Amino acid sequence: MKKNYIILLLFATLLGMLHADFSILVRGESKAKNLPETTLNSVRYVNLDDFSSVFKAINKHDRTDGRIYLHLYDEQFIFLEASPYYIFKNESFNMHYTLLRKGAKLYLPSVFISEHIKVHFGRMVELKGKTLTIDKPRDNSVLTIVLDPGHGGKDPGAVGCKLKAKEKDVNLAVCLKLKQLLEKELGLKVLLTRSDDRFVSLQDRTRYANERKADLFVSLHTNASKSSQSRGLETYYLSTAQSSEARAVEAMENDVVERFEGGTIAKNKYDDLAFILSDLSQTEHLESSNMMASNVQQNLVAGTRAYDRGVKQANFYVLRGAFMPSILIEMGFISNPEEEQLLVNQEYQDRLARTIFEGIKRFKFRYDRIRNT
Ligand SMILES: [Zn+2]
């Protein structure tokens, strides 16, 4: 009897060892965190939310197409519900077990932790038995922001009728003021796609933001219309253009590709694969981009008392390539004589910068909270 009991106990211990939870130790911390394991269809899994909380990873689920985006150590994984495959750095990997959904919860095969992570992150993660020692996960707050003064150099952008003010100069002036506020008052790292009067292709603008791993991308422009009566402010985030008016603005801003970047050949370059890839990455950020656009637009309108043209969606090339929440602000109509006068005015430029800053600050506060809990 006693013997049987011991055997049973041994068996239970062995079983327990097989099914022991993962233990995650962050380098520099003394207490390990527990990552529970569970068996589903005789395969070992961990709950994706548990995984994300222990690794400080961000996971976002696109219900419409079953894609799951996971951000870990500044890198992005794209999983597909009910599929064993995932995409990492544009390559696909096979876990041999499918990512499972049970009710509202998603489960990641344990093999991803025990075998795949170390392949992607090398010495940053170390597995011994069921204890994983990892580098400290990154702070997910907004830390770096890329400001993009539209146009520049040979491309003046829109030109005013009365004072012949050039859009490129207004965009740069406000960006430089905004940079100062973001650095001084929020301690952010602010990078500019251009800090003087030079031409930068649309593709290079977002490539720069992606390479620097920026958390936000903000493009500044001024609007123009055939009618000198058109007025007001509007803020865009990426999508297929909704209204015919939005399509007109989109055509105008995208025109840079036609006129200055080598016409149709260059346009094809933006249209095929690059678009699919950037679309993949942008859909993930649509909600956040929309939130940032709303916060900025509200503050702009309240602070400048300019006419509110609202938050809109359009398919700008310059936003397409950005793998982060991104917006494009049209700060007023340079084609409207009254607004042109305001746009070149230093004090008005200060007010534009201040109100855009307040909008970004409000957005950052909410966004940081969502991403760090
Ligand atoms: Zn423009």
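Small disclaimer: the values here were computed from a predicted structure and weren't measured. (Residues numbered from 1 in each chain as written. Predicted model: local features only at pLDDT ≥ 70, side-chain atom pairs only at ≥ 80, totals over all residues.)

Asks: Honestly, the overall build of the protein chain in this entry has me stumped. Any pointers?
Replies: Helix and strand content of the protein chain: 12 helices and 19 strands. Taking all 373 residues of the protein chain together, 37% fall into the buried category. (Helix = DSSP H or I, 4+ residues; strand = E, 2+ residues; numbered from the N terminus. Buried ≥ 20, exposed ≤ 12 C-beta atoms within 10 Å, placed from the backbone.)

Asks: Where do I start with the pairing of strand β9 (residues 91–94) in this structure?
Replies: As a general feature of sheets, a regular strand has side chains that alternate between the two faces. Where strand β8 (residues 85–88) and β9 come together, four bridges link them in antiparallel fashion. Residue Y85 lies in a different strand from β9, and its bridge partner there is N94. Counting the residues between successive antiparallel strands, the hairpin from β8 to β9 contains two residues, one of them, K89, with a positive phi of roughly 45°. (Pairing = 2+ DSSP bridges.)

Asks: It is not clear to me how the sheet that holds strand β11 (residues 105–109) should be interpreted in this structure. Could you clarify?
Replies: Pairing between the strands of a sheet is mediated by backbone hydrogen bonds and can be parallel or antiparallel. Taken in spatial order, the four strands line up as β3-β4-β11-β10 in an open sheet, and their pairing is antiparallel. With partners counted over all chains shown, the strands left at the sheet margins are β3 (38–40) and β10 (100–102), one partner each. Looking at each pair of strands side by side, their axes are set apart by 45° on average, direction ignored. Against the sheet, helix α2 (residues 48–55) touches β4 (43–47) and β11, its axis set at about 60° to β4. (Axes fitted to C-alpha atoms, helices over the stretch in contact; angles between N-to-C directions. Contact = placed C-beta atoms within 7 Å.)

Asks: Even after reading the chapter, I still don't get the nonpolar core, so can you show me in this structure?
Replies: Among soluble globular proteins, nonpolar side chains are generally buried collectively. I145, I327 and I356 are the most contacted members of the largest nonpolar core, which has 58 residues in total. The greatest single-element share of this core, amounting to seven residues, is contributed by helix α12 (residues 346–372). If we ignore the near neighbours within four places in the chain, the residues touching I356 are L178, V296, L300 and I329. Listed in part, the 24 residues of the second largest apolar core include Y45, V46, Y107 and V125. (Core = buried A, V, L, I, M, F, W, Y, C linked by C-beta atoms within 7 Å.)

Asks: Is there a simple way to think about the sheet that holds β8 in this case?
Replies: Spatially, five strands are ordered β5-β6-β7-β8-β9 in an open sheet, and the strand pairing comes out antiparallel. Pairing within the sheet leaves two strands with one partner each, and these edge strands are β5 (58–62) and β9. Pairs of neighbouring strands in the sheet enclose a mean axial angle of 25°, with direction left out of account.

Asks: What is the right way to look at the confidence of the model for the protein chain in this model?
Replies: Keep in mind that low pLDDT regions are not for reading the predicted coordinates in detail. Within the protein chain, residue pLDDT values average 86, and 86% of them lie at 70 or more. A low-confidence stretch, residues 265–277 (pLDDT under 50), is modelled with 11 contacts involving residues beyond four sequence positions or located in other chains. (pLDDT = per-residue confidence, 0-100.)

Asks: How should I be thinking about the environment of L342 in this particular structure?
Replies: When you line up the elements, L342 lands in helix α11 (residues 337–343). Here L342 is in contact with G332 and Y348, once residues within four sequence places are set aside.

Asks: Looking at this model, I keep getting lost on the packing of helix α9 (residues 286–304) against α12. Mind explaining?
Replies: In helix packing, the relevant descriptors are the interaxial angle and the interaxial distance, both defined with respect to the helix axes. Direction vectors running N to C along α9 and α12 enclose 145°, while the axes themselves pass 8 Å from each other. Seen along the crossing, α9 lies across α12 with a hand that is right-handed. Across from S288, M291, M292, N295, V296, Q298, N299, L300, G303 and T304 in α9, the residues of α12 making contact are R351, L352, R354, T355, I356, E358, G359, I360, R362, F363, R366 and Y367. For the contact of α9 with α12, the residue count by class is nine nonpolar, eight polar and five charged. (Left-handed = near helix turned anticlockwise from the far one by under 90°. Nonpolar A, V, L, I, M, F, W, Y, C, P; charged D, E, K, R; others polar.)

Asks: Could you clarify how one ought to interpret the pairing of β8 in this entry?
Replies: Where strand β7 (residues 75–80) lies against β8, three bridges are found, and the strand directions are antiparallel. Its bridge partner lying in β8, I78 is registered against I87. In this structure, the hairpin formed by β7 and β8 is closed by a connection of four residues, where A82 is found at a positive phi of approximately 65°.

Asks: Just to check I follow, could you spell out the packing of helix α4 (residues 167–186) against α12 for this structure?
Replies: Packing of α4 against α12 leaves a shortest axis separation of 9 Å and a crossing angle of 45°. The angle between α4 and α12 falls in the class oblique. As α4 packs across α12, the resulting crossing turns out to be right-handed. Where α4 abuts α12, its residues A173, V174, K177, L178, L181, L182 and L186 lie against Q349, D350, L352, A353, R354, I356, F357, I360 and K361. (Parallel < 35°, antiparallel > 145°, perpendicular 65-115°, else oblique.)

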